[in-house]
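Residue strings, one per chain:
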Amino acid sequence: MVSQISSELIHKYIDGCHMLHQHGLVDAYGHLSVRLSPSTFLMSRYMAPALVAGKEDLVIYKVEDGEPVDANAPRGFSERYIHSEAYKAYPSITAVVHSHALSVIPFSVSSTPMSACFHMAGFLGQKVPVWDCDTVYTAEDSHDMLVRNNKLGASLARALGDETGQNCKHAVALMRGHGMVVVAESLEMVIFRSIYTAQNAQIQQNAIGIGGAVKLFSAKECVDSAQKTSGGAVKPWPLWTQEVEKSNMYENASNC
Ligand SMILES: [Zn+2]
């Protein structure tokens, strides 16, 4: 039950939803989740992340099939399988963001890959994978680009993995004509990675627009800059928290 979850985690989750909105990662659409246990995760009900305000807005889902633990739970997101299948595939993942950030979508439809070119986003590596729903759709599926079932979610999760499929290799996978999924081992880091992925995408587009050769990060620059920011949410988190908690736009009524 949601009432048994620590109020500290709920408070942080709600702040995280608000941070994604404040940084333009979500509008009415997109979502954040956090793992509660090997078999469950927490997500808001079907609503804009900016408006999530209290425990009554939250739902616990099963990792196994993406369905709510409580059959009477309020309506959830149709794309919750993005989250459930990422948690199922990679036990180390504890937080997931799905975003339609405008800056990343051009790289999901272009032959030019998104690559780390900004020191805060070395975790992106030299080539962010693009998952194409068209490779998974069957004739019976709606071709609306959404991840509406476990089959599509599992395929997307595999795009984050290494060659063996056993390990999560990528922090981000783009979704063609749609957006991205971002994963991390903490709620703070999934917000961090979401924000700096969108910034890297904007920088790369701007550099391409200037013209001339664009020098992207080497493999070592990716690894070393990712290492440098691996604890990176520690510094911005208090700032991001204060930004949303001092804003009249957002309400966080959780008891913490
Ligand atoms: Zn979506």
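Residues numbered from 1 in each chain as written. Predicted model: local features only at pLDDT ≥ 70, side-chain atom pairs only at ≥ 80, totals over all residues. Heavy atoms only, no water.

By the naming in an unreviewed UniProt entry, the protein is Arad-like aldolase/epimerase, taken from Rhizodiscina lignyota.

Draft legend 1. Spotlight on the sheet that holds strand β5 (residues 130-131). As summarised here, the arrangement of the seven strands in space is β3-β2-β1-β4-β7-β6-β5, forming an open sheet in which the pairing is mixed. Because the sheet does not close on itself, it has two edges, and the strands there are β3 (58-62) and β5. Bridge count between β5 and strand β6 (residues 172-175): two bridges; the pairing is parallel. When the sheet's bridge partners are listed, Trp131 is paired in β6 with Met175. (Pairing = 2+ DSSP bridges. Helix = DSSP H or I, 4+ residues; strand = E, 2+ residues; numbered from the N terminus.)

Draft legend 2. Here's a closer look at the packing of aromatic side chains. Under the criterion given, the structure shown has seven aromatic pairs. Judged by centre distance (5.6 Å) and plane angle (25 degrees), the ring pair of Phe41 and Tyr61 falls under stacked. Placement of Phe41 in strand β2 (residues 40-44) and of Tyr61 in strand β3 is noted, with a sequence separation of 20 residues between them. In this structure Phe41 comes out as buried when scored by relative accessible area, which is 0%. Pairwise contacts between aromatic rings join Phe118, Phe192, Tyr196 and Trp240 into one cluster. Stacked on the ring of Tyr46, the Lys or Arg Arg75 has its end atom at 3.7 Å from the ring centre. (Phe/Tyr/Trp six-rings, centres within 6.5 Å; stacked < 30°, edge-to-face > 60°. Buried < 20%, exposed > 50% of the residue type's maximum accessible area, 1.4 Å probe, protein only. Lys NZ or Arg CZ within 6 Å of the ring centre and 35° of its normal.)

Draft legend 3. Representation of the coordination of the zinc ion within the structure. Distances from the zinc ion to its protein donors, namely Glu79 (OE), His98 (NE2), His100 (NE2) and His178 (NE2), fall within the range 2.0 to 2.2 Å. Of note is the zinc ion, whose four donor atoms meet at the metal with angles of 95 to 147 degrees in an arrangement that counts as irregular. If you list the donors of the zinc ion from N- to C-terminus, the spacing comes out as E-x18-H-x1-H-x77-H. Separated by 21 residues along the polypeptide, Glu79 in the loop between β3 and α2 (81-89) and His100 in the loop between β4 (95-99) and α3 (105-109) bring together distant segments of the chain. With a relative accessible area of 4%, Glu79 lands in the buried category. With a relative accessible area of 24%, His100 lands in the partly exposed category. (Donors = N, O, S within 2.8 Å, 3.2 Å for Na, K, Ca; no water. Tetrahedral: all angles 85-135°; square planar, octahedral: opposite > 155°, others 65-115°.)

Draft legend 4. Inspection of the packing of helix α5 (residues 187-210) against helix α7 (residues 236-245) at higher detail. Between α5 and α7, whose axes approach to 11 Å, the crossing angle comes to 80 degrees. By the angle between their axes, α5 is roughly perpendicular relative to α7. Facing Leu187, Glu188, Ile191, Phe192, Ile195 and Tyr196 of α5, the residues of α7 in contact are Pro236, Trp237 and Trp240. Looking at the contact of α5 with α7 residue by residue, the class counts come to eight nonpolar, no polar and one charged. (Axes fitted to C-alpha atoms, helices over the stretch in contact; angles between N-to-C directions. Parallel < 35°, antiparallel > 145°, perpendicular 65-115°, else oblique. Contact = heavy atoms within 4.5 Å. Nonpolar A, V, L, I, M, F, W, Y, C, P; charged D, E, K, R; others polar.)

Draft legend 5. Inspection of the pattern of salt bridges at higher detail. Taken as a whole, this structure holds 10 salt bridges when the rule is applied. As a salt-bridge pair, Glu188 and Lys12 come within 3.0 Å of each other at their nearest N and O atoms. Placement of Glu188 in helix α5 and of Lys12 in helix α1 (residues 7-22) is noted, with a sequence separation of 176 residues between them. (Salt bridge = Lys/Arg side-chain N within 4 Å of Asp/Glu carboxyl O.)

Draft legend 6. Representation of the environment of Val223 within the structure. Within the fold, Val223 resides in helix α6 (residues 219-228). In this structure the C-alpha to C-alpha distance between Val223 and Gln126, which are 97 residues apart in sequence, comes to 9.8 Å.

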